[in-house]
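Residue-level listing of the chains:
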Amino acid sequence: MSNNTVSNTTISWSPDYEEWSSIYVDQIIILKVISALSAMGSSWIIYNLVIDVKDAADRKNKLHPTFNRLLLFLSIGDLMASISLFFSSWCVWASPPIEYRAKLYIYYDTPWNIMYPQAAGNLTTCTVQGFFFTVAALSTIFITGCIAVSFLLQVKYQVRETSMRIVEKCSMGISTAIPLLAAILILVDKGFNPNDGGFCTIEAFPPQCGTAFSEKLQKYCATNMGVRGTKTRFHFIIFIIA
């Protein structure tokens, strides 16, 4: 049974590391299985539309409908996001930065190797994985909305296929430009960090800064540039999606 001690500056406990380790490992396995299945589905769609054709004319015919081209865009984005998530557990920093070890370990004593059992990367791999995942995930969100709009225009308002080409180009432009802009802004603010889910994404670092229970820890989190930038850019993305 854990024993919690509360004071003005510290909270410490003795969690069951074996139980927590099993939870984090299971979480990683589930994430890899789901991302692998998603990648397989997206790959099949891409194969069916682009590769499994008789000739160039057949490919052109398959990609003639606006929906098929938007679906291809969606599948490419989903494939990128799925691959990013599949390799994510290996992209997390192999060892925590000095801020985690020296300043925050007294507040959150779950060892790094328990939270991230497969971590084998560094700051660069974590940032790259978080960047590509954010761009791909946001792109799929936007293009899904654009597909819904295209159905509305074609079914209810009977917009011609030639006019839909303009809508299609705008849809792909929006679904590419806004996610890239958002990801670049987050990158500048050093906002791609490991989260409790075991992968790098838009996250406060350390993760416990999002639920800081100590005044000293709250002060550290408030003055940490990565944390402040993360919250600002996350709200920016939510505003765009809304």
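Everything here concerns the structure above.
Rules used in this analysis
- Residues numbered from 1 in each chain as written.
- Predicted model: local features only at pLDDT ≥ 70, side-chain atom pairs only at ≥ 80, totals over all residues.
- Heavy atoms only, no water.
- Phe/Tyr/Trp six-rings, centres within 6.5 Å; stacked < 30°, edge-to-face > 60°.
- Helix = DSSP H or I, 4+ residues; strand = E, 2+ residues; numbered from the N terminus.
- Buried < 20%, exposed > 50% of the residue type's maximum accessible area, 1.4 Å probe, protein only.
- Core = buried A, V, L, I, M, F, W, Y, C linked by side-chain atoms within 4.5 Å.
- Contact = heavy atoms within 4.5 Å.
- Salt bridge = Lys/Arg side-chain N within 4 Å of Asp/Glu carboxyl O.
- Disulfide = S-S within 2.5 Å.
- Axes fitted to C-alpha atoms, helices over the stretch in contact; angles between N-to-C directions.
- Parallel < 35°, antiparallel > 145°, perpendicular 65-115°, else oblique.
- Left-handed = near helix turned anticlockwise from the far one by under 90°.
- Nonpolar A, V, L, I, M, F, W, Y, C, P; charged D, E, K, R; others polar.

According to the stated counting rule, one finds seven aromatic pairs in the structure shown. Measuring from centroid to centroid gives 6.3 Å for Phe-131 and Phe-192, while their planes differ by 80 degrees, and the two rings are edge-to-face. Residue Phe-131 is located in helix α7 (residues 123-156), and its partner Phe-192 is located in strand β3 (residues 192-194); the two are separated by 61 residues in the primary sequence. Residues Phe-131 and Phe-192 agree in their burial class; the two are buried. Ring centres of Phe-133 and Phe-199 lie 5.7 Å apart, and the angle between their planes is 70 degrees; this geometry places the pair in the edge-to-face category. Of this pair, Phe-133 sits in helix α7 while Phe-199 sits in the loop between β3 and β4 (200-202); the two residues are 66 residues apart in sequence, bridging distant segments of the chain.

The subject of this paragraph is the nonpolar core. Among the nonpolar cores identified, the biggest contains eleven residues, and these are Tyr-24, Val-92, Trp-93, Trp-112, Ile-114, Met-115, Tyr-116, Ala-119, Cys-126, Cys-200 and Phe-205. Looking at this core, the element that brings in the most residues is helix α6 (residues 112-115), giving three residues. Those residues within four positions of Cys-200 in sequence are excluded, and the remaining contacts are Val-92, Cys-126, Gln-129, Gly-130, Asn-193 and Pro-194. Residues Ala-81, Leu-85, Ala-136 and Phe-199 belong to the second largest nonpolar core, which totals seven residues.

On inspection of all chains with the given rule, the structure shows three salt bridges. A salt bridge links Glu-161 to Arg-165; the shortest N-O distance between them is 2.8 Å. You can see Glu-161 and its partner Arg-165 sitting in helix α8 (residues 161-188), four residues apart, about one turn around the helix. For Glu-161, a relative accessible area of 26% puts it in the partly exposed group. The structure contains a network of salt bridges with shared partners spanning Arg-69, Glu-161, Arg-165 and Glu-168.

In total, this model carries one disulfide according to the counting rule given. Linked covalently through their sulfurs, Cys-126 and Cys-200 form a disulfide whose S-S length is 2.0 Å. Its torsion about the S-S bond being -115 degrees, the disulfide of Cys-126 and Cys-200 is classed as left-handed. One end of the pair, Cys-126, is in helix α7; the other, Cys-200, is in strand β4, and 74 residues separate them in sequence. When its relative accessible area of 0% is taken as the criterion, Cys-126 is described as buried. The buried category is assigned to Cys-200, whose relative accessible area is 0%.

Here we take up the packing of helix α3 (residues 66-86) against α7. Between α3 and α7, whose axes approach to 8 Å, the crossing angle comes to 160 degrees. Compared by their axis directions, α3 and α7 come out roughly antiparallel. Once α3 is placed against α7, the crossing between them reads as left-handed. Along the lines of polarity and charge, the residues of the contact of α3 with α7 split into 16 nonpolar, nine polar and one charged.

All right, on to the packing of α3 against α8 then. Relative orientation of the contacting elements α3 and α8 amounts to 10 degrees, with a least axis distance of 10 Å. Our classification of the angle between α3 and α8 gives roughly parallel. In this structure, α3 uses Thr-66, Arg-69, Leu-70 and Phe-73 to contact α8, whose residues at the interface are Glu-161, Met-164, Arg-165, Glu-168, Ser-171, Met-172, Ser-175 and Thr-176. Split by residue class, the contact of α3 with α8 holds four nonpolar, four polar and four charged.

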